[in-house]
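Listed below are the residues making up each chain.
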Amino acid sequence: MTELSKPLQIALLAAVALGVLLLAWRGYTRFGQKGELEPKRPRVARVGLVIALAGGSLLALAPLAAGQRFKGLGLLGAFISSNPEKVGGLLAALLGVGVGRLLFTETDFAWRLFGRGGPRARQLLRALGVLCLLAAIAIGVLWLAVLPLHPTLKWIVGGVLIGAGAGYLIAGSRPVRSGLYRALGWWWGALVGVTFGITAVLTSRMPTGRLASVNATDQIIRFTALASSVVFLFFVLSALLPIILDTLERRSFVPYVGARHVRASKSGFLTVISVLSMAGVGVSSCALCSVTSIMGGFGADLKRKILGNNAHMVVDVSRPGGFGNWDDKLTKVRVALAPYGAAATPVVAGEAMGSSASNTAGALVRGIDPDTIGQVIDLAKNIEVGSFDYLRDPEKLTSLPPEEIIGRGPGGEPYLKGPDFRQPSDVDPSVRDYLKQQTRVYPGVIIGRELAKSLHVLVGDEVTLLSPMGELGPTGVMPRSRRFRVAAIFYSGMYEYDVTHAYVLMEEAQKFFSLEDKITHIDIRVPDPERVQEVRPAVEAAIAASAALDEPPPDGGKPPPELRVRDWMEMNKNLFSALKLEKIATFIILSIAIAVASFCIVCTLLLMVTEKGKEIAVLKALGASDNAVMRVFVLEGVIIGAIGTVYGVGTALAACTGLSWFGVRLDPDVYYIDRLPVNVNGSDYAMVAAAALLICTIATLYPARAASKLSPVDGLRYE
């Protein structure tokens with residue numbers, strides 16, 4: 001999760017406050033000014049009764065769950081805490097089925113489908129929807145009751161539910177002032193905004209590190225912040241839409257007629273088609289933006305991990321065995337990199353087999369210079385357990401303090417070293433010194449988290465590395481082995497690195513691989529990885545100059561290996577090309593979905609041209625030109641497409657920004673990432689919005705031209 005800065009938090013809360021005020025004002029303006037009364041609404045009263053009972057049940061169950069008086073509530077709380085995804089999925093499914101069934105039974109399509117002979121079927125569906133909603137409410141109340149939330153928060157939620165339910169119960173049981181129900185809808189939107197502001201503040205105070213514990217309470221608060229942000233934005237956009245349309249109507253003739261056509265509600269069928277057109281464009285653009293952000297997030301996360309654990313540029317040889325006289329070459333490379341602010345370090349790399357007392361695993365051993373390796377890769381920053389200093393001074397590993405953390409469990413719980421029973425505290429000091437001298441000091445090694453799990457080792461344990469380049473013995477080639485002691489365990493966030501990489505001192509790697517004073521490559525890091533191509537010519541020139549100064553080999557001797565320079569784009573070309581191609585293909589496919597949604601706009605305008613033929617004829621008879629009529633319908637289609645685009649892009653922006661800011665924590669032991677990576681790129685969103693508007697504008701041309709060609713005589717012939 002991204003830690004929001006103080007200025008950003010203040011700006012966010014200020015925007016939320018403005019949105020809440022806008023919704024409150026919008027609700028106040030919904031009241032009738034003539035004092036008319038609306039009749040009783042028993043359905044509203046029943047809904048209020050259910051809400052009030054839910055709040056009372058929460059207040060009754062919360063103390064019982066906190067006092068652990070009933071074992072059933074304790075078991076239910078344990079089940080919910082261990083399976084929040086399953087409970088949340090069940091709750092969402094019940095809500096979706098309940099709301100869908102109730103809305104379906106209220107439509108004209110349902111009446112036409114069942115006909116007059118199917119009242120029982122409609123009643124059955126209506127009862128099914130009610131039962132699903134009641135089950136969802138019951139599960140939600142039980143979930144809130146058993147969650148380890150502060151009791152005051154539960155009392156506040158219960159009190160709000162009781163107050164809201166009582167208000168709806170009273171409002172539905174008696175005649176109320178006209179516009180009250182519409183005002184309550186806008187005020188509920190303002191309450192959602194207040195909820196978003198509170199949960200956003202609570203989320204900003206939660207720990208965001210990868211070692212932070214994951215619990216159900218934090219997850220619910222994060223999901224609430226995310227969901228409330230999307231719903232609140234929907235309310236705000238709905239409140240701004242009439243203001244924008246009013247502004248258009250106050251302009252010239254063409255915007256006035258186009259905006260009035262969009263707002264017309266007399267023709268129910270055309271209104272439904274227009275809403276479906278907006279929904280189609282909105283869903284398509286929202287899906288395109290969301291998929292682009294999530295795919296971009298995975299790509300950016302993968303690139304960050306690759307560039308953080310690998311050099312941006314590598315100088316190596318194409319054949320095994322390394323190269324010598326590397327001091328002069330490294331010096332020339334550093335001189336060439338100085339103007340760019342880049343850094344370089346020597347590295348010895350080779351493959352080996354790691355072995356512990358209980359298991360074996362393959363490893364890629366890299367010998368490093370501890371003084372300069374931190375300038376090239378993020379090894380020191382990624383250390384999770386142990387210390388980088390233990391690699392320099394492995395003698396400290398023989399006498400670790402009892403409070404030293406030497407490992408972590410599946411849930412991130414620390415494992416302490418504890419007292420050393422081989423050297424009791426009451427033993428004679430001379431005996432302790434003698435026992436300490438008998439403990440052999442092995443070179444240190446830093447290994448990845450997954451490699452440590454495979455070998456079942458902790459910090460301070462011994463590990464044996466076996467090199468495939470062995471020595472000739474009586475029975476053939478014997479692999480060379482050497483003992484090391486685990487100095488630290490790192491976590492890079494990429495499984496391929498954590499399960500294979502092991503780092504030792506460069507001198508130890510040279511001895512282990514029998515390279516004498518040679519190295520295998522020089523690793524280089526530049527400040528801006530995207531501009532690595534600008535630095536590469538300087539490195540190639542430095543390598544060429546250093547190769548020209550090498551002494552020629554003796555007659556019949558083996559020529560020195562030819563050095564080559566490769567950058568990260570070249571070494572990972574296939575991977576990033578595939579990611580880029582996948583992103584482009586996804587953009588094209590989902591753009592087709594927007595084009596399909598634009599067909600609804602074509603149908604809407606064609607039907608409107610057919611229905612409004614008389615009005616078009618009257619306008620043309622009063623002096624409206626063909627161009628003006630065409631611009632009216634083009635503007636109408638653009639407004640429909642713009643509304644859908646704004647809702648879709650805005651919803652995706654709110655959801656993806658919420659995921660980026662608040663995040664949805666994932667179990668790193670299962671997914672190997674602690675959160676869903678999301679990359680919100682403004683240019684991608686602008687491109688999606690421009691593409692959607694362009695497609696919708698093109699879709700309006702044919703209906704608008706058909707409207708402009710309508711003759712006044714044909715439109716008024718049968719009137």
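This text goes with the structure placed above it.
In this report, we go over the structure that sits alongside the text.

Considerations on the overall build of the protein
Part 1 of the reasoning: Helix and strand counts for the protein come out as 26 helices and 14 strands.
Part 2 of the reasoning: Within the protein, buried positions represent 44% of all 719 residues.
Part 3 of the reasoning: Carbon and sulfur atoms provide 64% of the accessible area of the protein, an area that totals close to 37,900 Å².

Quick notes on the nonpolar core
Part 1 of the reasoning: Ile 446, Ile 447, Ile 524 and Val 539 are the most contacted members of the largest nonpolar core, which has 72 residues in total.
Part 2 of the reasoning: Here this core takes six residues from strand 11 (residues 476-490), the largest share from any one element.
Part 3 of the reasoning: Grouped together as the second largest cluster of nonpolar side chains are 26 residues, Val 254, Ile 601, Tyr 647 and Ala 704 included.

A closer look at the side chain of Asp 301
Part 1 of the reasoning: Among the secondary structure elements, Asp 301 is positioned in helix 11 (residues 268-309).
Part 2 of the reasoning: Taking relative accessible area as the criterion, Asp 301 reaches 15% and is therefore assigned buried.
Part 3 of the reasoning: Apart from the residues lying within four places of it in its own chain, the contact partners of Asp 301 are Ile 673 and Pro 677.

A look at the pairing of strand 4 (residues 343-355)
Part 1 of the reasoning: Of all 13 residues in strand 4, ten are buried; the element is thus mostly enclosed.
Part 2 of the reasoning: As defined by bridge partners, strand 4 adjoins strand 13 (residues 521-525) across five bridges and the pair is classed as antiparallel. Following the sheet pairing, Thr 345 is matched in strand 13 by Asp 523.
Part 3 of the reasoning: Two strands pair when backbone bridges link them, and strand 4 and strand 5 (residues 360-368) are joined in this way by nine bridges, in the antiparallel orientation. For Gly 350, the partnering residue across the bridge sits in strand 5 and is Val 365.
Part 4 of the reasoning: Counting the residues in the hairpin turn of strand 4 and strand 5 gives four residues.

Here we look at the environment of Gly 418
Part 1 of the reasoning: Among the secondary structure elements, Gly 418 is positioned in the loop between strand 8 (414-416) and helix 14 (429-438).
Part 2 of the reasoning: In this structure the C-alpha to C-alpha distance between Gly 418 and Ile 405, which are 13 residues apart in sequence, comes to 9.1 Å.

Comments concerning the pattern of salt bridges
Part 1 of the reasoning: Enumeration according to the criterion identifies 19 salt bridges in this entry.
Part 2 of the reasoning: For the salt bridge of Arg 366 with Asp 523, the shortest nitrogen-to-oxygen distance reads 3.0 Å. With a gap of 157 residues between them, Arg 366 in strand 5 and Asp 523 in strand 13 connect regions that are remote in the sequence. In this structure, Arg 366 and Asp 523 share a single accessibility class: buried.
Part 3 of the reasoning: Across the pair Glu 450 and Lys 453 runs a salt bridge, and its minimum N-O distance is 3.8 Å. With Glu 450 and Lys 453 both in helix 15 (residues 449-455) and three residues apart, this pair spans about one turn of that helix.
Part 4 of the reasoning: Assessed through its relative accessible area of 41%, Lys 453 is described here as partly exposed.

What to know about helix 1 (residues 6-28)
Part 1 of the reasoning: The end-to-end C-alpha separation of helix 1 is 33 Å, in line with the 33 Å expected for 23 residues at 1.5 Å each.
Part 2 of the reasoning: Within helix 1, burial applies to Gln 9, Leu 12, Val 16, Gly 19, Val 20, Leu 22, Leu 23, Arg 26 and Gly 27.

Digging into the packing of aromatic side chains
The description of two aromatic rings rests on the distance between their centres and on the angle between their planes.
Part 1 of the reasoning: Counted according to the given criterion, the structure contains five aromatic pairs.
Part 2 of the reasoning: Ring geometry for Trp 186 versus Phe 235: centroids 6.3 Å apart, planes at 70°, classification edge-to-face. Of this pair, Trp 186 sits in helix 8 (residues 180-204) while Phe 235 sits in helix 9 (residues 216-249), and the two are 49 residues apart along the sequence.
Part 3 of the reasoning: Overall, Trp 186 belongs to the buried group, its relative accessible area being 15%.
Part 4 of the reasoning: Among the residues examined, Phe 235 registers a relative accessible area of 21% and is labelled partly exposed.
Part 5 of the reasoning: Taking 6.3 Å as the distance between ring centres and 85° as the angle between the ring planes, the aromatic pair formed by Phe 484 and Phe 512 counts as edge-to-face. Of this pair, Phe 484 sits in strand 11 while Phe 512 sits in helix 17 (residues 506-512), and the two are 28 residues apart along the sequence.
Part 6 of the reasoning: The buried category is assigned to Phe 484, whose relative accessible area is 1%.
Part 7 of the reasoning: Grouping aromatic residues by their ring pairs yields a cluster made of Phe 484, Phe 512 and Phe 513.
Part 8 of the reasoning: Lying over the aromatic face of Tyr 491, Arg 449 brings its terminal NZ or CZ to 3.9 Å of the ring centre.

Some points on a nonpolar patch on the surface
Part 1 of the reasoning: A grouping of Ile 156, Val 160, Trp 188, Leu 191, Val 194, Ile 198 and Leu 202 is seen on the molecular surface, where their side chains present a nonpolar patch of about 560 Å² in accessible area.
Part 2 of the reasoning: For the nonpolar patch, the secondary-structure elements that each account for two or more residues are helix 7 (151-172) and helix 8.
Part 3 of the reasoning: With five residues, helix 8 is the largest single contributor of residues to the nonpolar patch.
Part 4 of the reasoning: Among the structural elements, Ile 156 can be located in helix 7.
Part 5 of the reasoning: Classification of Ile 156 by relative accessible area gives partly exposed; the value is 48%.

Quick notes on the rules
Residues numbered from 1 in each chain as written. Predicted model: local features only at pLDDT ≥ 70, side-chain atom pairs only at ≥ 80, totals over all residues. Heavy atoms only, no water. Helix = DSSP H or I, 4+ residues; strand = E, 2+ residues; numbered from the N terminus. Buried < 20%, exposed > 50% of the residue type's maximum accessible area, 1.4 Å probe, protein only. Areas by Shrake-Rupley, 256 points an atom, 1.4 Å probe, with all protein chains shown as cover. Core = buried A, V, L, I, M, F, W, Y, C linked by side-chain atoms within 4.5 Å. Contact = heavy atoms within 4.5 Å. Pairing = 2+ DSSP bridges. Salt bridge = Lys/Arg side-chain N within 4 Å of Asp/Glu carboxyl O. Expected span 1.5 Å × (residues − 1). Phe/Tyr/Trp six-rings, centres within 6.5 Å; stacked < 30°, edge-to-face > 60°. Lys NZ or Arg CZ within 6 Å of the ring centre and 35° of its normal. Patch = residues over 30% accessible without salt bridge, like charges linked within 9 Å, V, L, I, M, F, W, Y side chains within 5 Å.

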